[in-house]
2 protein chains.
Amino acid sequence: MGKIKYELLKEEKNTKARLGIIETNYGRVNTPIFMPVGTQATVKTLSPEELKDIHCGIILSNTYHLWLRPGENVVDQSGGLHKFMNYDGPILTDSGGFQVFSLARNKKKDIIEEGVKFKSHLDGTNLLLTPEKSIEIQNKLDSDIAMSFDECIPYPATYEYAKQSTERTLRWAKRGKDVHNNPNQSLFGIVQGSEYEDLRKWSAEETVKLDFDGYSIGGTSVGEDKDTMYKMVDYAIKYLPKDKPRYLMGVGDPIDLIEGVIRGVDMFDCVLPTRLARHGNCFTHHGRINIRNQKYKEDFTPLEESCDCYACKNYTKAYIRHLIVANETFGARLLSIHNIRFLVKLMEDLRVAIKEDNILEYKEKFIKEYENK
Amino acid sequence: MGKIKYELLKEEKNTKARLGIIETNYGRVNTPIFMPVGTQATVKTLSPEELKDIHCGIILSNTYHLWLRPGENVVDQSGGLHKFMNYDGPILTDSGGFQVFSLARNKKKDIIEEGVKFKSHLDGTNLLLTPEKSIEIQNKLDSDIAMSFDECIPYPATYEYAKQSTERTLRWAKRGKDVHNNPNQSLFGIVQGSEYEDLRKWSAEETVKLDFDGYSIGGTSVGEDKDTMYKMVDYAIKYLPKDKPRYLMGVGDPIDLIEGVIRGVDMFDCVLPTRLARHGNCFTHHGRINIRNQKYKEDFTPLEESCDCYACKNYTKAYIRHLIVANETFGARLLSIHNIRFLVKLMEDLRVAIKEDNILEYKEKFIKEYENK
């Protein structure tokens, strides 16, 4: 038992893409990797066994949600999050910062030096989440990787706002690190700075000085266009050490994953595959489809012929369409399995492309097929 | 391939309870048996593999629902219901009569000699379901056992109404049998007669004359008290042949299952275990519990220590409570697995009790524990 160990195995010849391994207390993880999200200690509709079958390396769970329900002490008493949810693979917990930003978006929230005051999205209770509290909760959840508490800066933000927020996030990172107290849990720092090159540089350099076990690029997937997101990554990543994993938060679009990997990112997470599934949407190599479409009513072929997932091996589009149209949760489950497997398999393919130094060709071929439909 | 074969293995010494085997094209089924309900070609929240793990012998699916959505022709074109839903165990389909009764309850419906005119519960379309149409749909669904189209008589009903309805159900049974045309599908007749002894006798005798592959006792679980339901069974069952299976429709309460078995019933079905699960309710040998109860918040024991189901082997009450309170469908799935397994295991235990001629002792012990909590 102990903290994670990251090993950089190879850098791709023509890009910044990296092949690596993260050793955790719950097994080895090959990077780059996509992590499905289990917000409330469950990846929606799926069992731990199904996640294993999909070859998920790490899953993510949400500190904010587990703090409110069932409470970190319940999870702690059960023996930690792995035991609570019966998942013996690695788990990363976020800091709660993004949820305070997104769930409290339309409600009054008050960012002060101490932390963030806001109202619970469940019952309106007044809450204060601080860097220390976030780390204390994560220590108790006993995830493999904890995240520093940050402010996820809205987009767009003025330079002045972004600067003040980024400086505060750094002070919060230090406060969190000072109270972190779980020898089996690693702690990542988060780079902010919005779309401003000098702020991203400053944030990256100063966060690295605090010496975290990995680094995340935050403040992305908050409404900015794709080019801006890629810029945010480029501005920050060159100041991050090569011997630590890099994590781009909230990104799950297939093309964004490829672009992120090419820029040197090792880890991604997103609710996209499971959220799409609940709405009947499905990834394919010819673009997204919505299974509710009338044309699939008598389509007795799998979602994708080439896919090796449980849904594709055993069920037809016609059946899955029927389940989704009839509001049967087994439909969302089958689509969740397929969508997560699609992204996990994409990362497997990207790792092969890095090994073979042909990731740019892979990208071109993938995008051509994906966008032409 | 062909119709089912029923073999009566043993009658219990002190009661009318029977041990038997039903041979189907999709495997052998030991009776008495409880059949979970997969209304829309899926047992809510569960996969076929999970049903196998629970040792379900037969599942039931609903003709009315599949007629409306996705339509019997879609199921037919996919290769039949087994292939459509990827379930290679035996399937029984009901006739649609009960749904016309229950879903159209608060809407105008018109029972005429030809069949029942009513409005779709989905979009209000005018529909006419006839005995011929019900059988034709079931022929296409290609279930192992089809049911005759009947009127499920409301309770209470006047003698005059019950007599006229029971006579019409018999005429409908004959019309359905005349058009039945699937050599691999068996067809059951349904005994009606409400609470009236002479009508139940007449209905049973006349239905048996039509020579079906099995007989069902209908018009139960429609609001009558338990003693009346048991009477309805007693009035009918003595006129049913010993060499054919008997099926009591819509019954899933544990004590009702025991009482039914003791009265000579071989088959039962009910949505109860899955419906209870979705509301956080759970069968235990000490009575039903609701997992939402605050007292389970930090209860790190399984739903039942003695249970061999997937939920009990891997998860705690505290975790399942968390899932249900947080509206996570994995919670309903775990409780569905447990509740179905509870009833399936109850039937396994009853079969042992029949073998050992001690079903009355079993009943007494079970009820004492179940009702004392």
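Note that the structure is predicted; figures quoted are calculated from it, not measured.

1. Concerning the interface of chain A and chain B
Many descriptions give the size of an interface as the accessible area lost when the pieces come together.
Here is step 1 of the chain: Counting residues at the interface gives 35 residues for chain A and 35 residues for chain B.
Here is step 2 of the chain: Where chain A abuts chain B, roughly 3,100 Å² becomes buried across the two surfaces, and 52% of that area is made up of carbon and sulfur atoms.
Here is step 3 of the chain: Interface area lost by chain A to chain B is led by Y319, H322 and E328 of chain A, which between them contribute 18%.
Here is step 4 of the chain: Our count for the chain A to chain B interface comes out at four salt bridges.

2. Quick notes on the relation of the copies chain A and chain B
Here is step 1 of the chain: Mapping chain A onto chain B calls for a rotation angle of 180° and an axial translation of 0.0 Å; the resulting RMSD is 0.0 Å. Overall, the copies show the geometry of a two-fold rotation axis. Residue T329 of chain A of chain A places its C-alpha closer to the rotation axis than any other residue of that unit, at 3.7 Å.
Here is step 2 of the chain: Both copies share a contact surface, since 100% of the interface residues of chain A are interface residues in chain B too.

3. Comments concerning the pairing of strand β11 (residues 186-191) of chain A
All names here are of chain A.
Here is step 1 of the chain: Counting buried positions along β11 gives six out of six residues, so the element sits mostly inside the fold.
Here is step 2 of the chain: In β11, alternate side chains face the same way, and those of S186, F188 and I190 on one face and L187, G189 and V191 on the other are all buried.
Here is step 3 of the chain: Bridge analysis of strand β10 (residues 145-147) against β11 gives three bridges, and the strand direction is parallel. Its bridge partner lying in β11, A146 is registered against L187.
Here is step 4 of the chain: Inspection of the sheet shows β11 paired to strand β12 (residues 214-217) by four bridges, in the parallel sense.

4. A short note on the packing of helix α10 (residues 254-262) of chain A against helix α15 (residues 359-372) of chain A
When two helices pack together, you describe them by how their axes are tilted relative to each other and by the distance separating the axes.
Residues and elements named next belong to chain A.
Here is step 1 of the chain: Relative to each other, α10 and α15 sit at 170°, their axes nearing to 11 Å. In this view, α10 runs roughly antiparallel relative to α15, as classed from their interaxial angle. In the crossing of α10 with α15, the sense of the turn from one axis to the other is left-handed. Side by side, α10 and α15 meet where P254, I255, I258, E259, V261 and I262 of the first sit next to I359, L360, Y362, K363, F366, I367, Y370 and E371 of the second.
Here is step 2 of the chain: Looking at side-chain class alone, the contact of α10 with α15 contains eleven nonpolar, no polar and three charged residues.

5. Topic: the packing of helix α6 (residues 131-141) of chain B against helix α7 (residues 159-179) of chain B
Residue and element names in this part refer to chain B.
Here is step 1 of the chain: It is at 8 Å that the axes of α6 and α7 come closest, and there the two elements cross at 40°. Taken together, the axes of α6 and α7 are oblique relative to one another. As for the relative orientation of α6 and α7, their crossing is right-handed in sense. Taking contact as the criterion, the partners of P131, E132, I135 and N139 in α6 are, on α7, W172, R175, G176 and V179.
Here is step 2 of the chain: In the contact of α6 with α7, the residues fall into four nonpolar, two polar and two charged.

6. So, the sheet that holds strand β8 (residues 116-119) of chain B
Here is step 1 of the chain: The strand order β7-β8-β9 (chain B) describes an open sheet built from three strands, whose pairing is antiparallel. The open sheet has two edge strands with one neighbour each: β7 (110-111) and β9 (126-129) of chain B.

7. Brief notes about the sheet that holds strand β3 (residues 27-31) of chain B
Backbone hydrogen bonds are what pair the strands of a sheet, in a parallel or an antiparallel way.
All names here are of chain B.
Here is step 1 of the chain: What the three strands build is an open sheet, ordered β1-β2-β3; its pairing is antiparallel. Strands at the two margins of the open sheet, each flanked by one partner only, are β1 (5-11) and β3. Each strand of the sheet is rotated relative to its neighbour by a mean of 15°, with strand direction disregarded.
Here is step 2 of the chain: Strand direction decides the pairing type here: β1 and strand β2 (residues 18-24), joined by six bridges, are antiparallel. Counterpart to K10 in the pairing with β2 is L19.
Here is step 3 of the chain: Against the sheet, helix α14 (residues 329-355) makes contact with β1, β2 and β3, and its axis sits at roughly 125° relative to β2, the strand it touches most.

Criteria and cut-off values
Residues numbered from 1 in each chain as written. Chains lettered and ligands numbered in written order. Predicted model: local features only at pLDDT ≥ 70, side-chain atom pairs only at ≥ 80, totals over all residues. Heavy atoms only, no water. Contact = heavy atoms within 4.5 Å. Buried area = accessible area lost by both parts, 1.4 Å probe. Salt bridge = Lys/Arg side-chain N within 4 Å of Asp/Glu carboxyl O. Least-squares fit on C-alpha atoms with pLDDT ≥ 70 in both. Buried < 20%, exposed > 50% of the residue type's maximum accessible area, 1.4 Å probe, protein only. Helix = DSSP H or I, 4+ residues; strand = E, 2+ residues; numbered from the N terminus. Pairing = 2+ DSSP bridges. Axes fitted to C-alpha atoms, helices over the stretch in contact; angles between N-to-C directions. Parallel < 35°, antiparallel > 145°, perpendicular 65-115°, else oblique. Left-handed = near helix turned anticlockwise from the far one by under 90°. Nonpolar A, V, L, I, M, F, W, Y, C, P; charged D, E, K, R; others polar.

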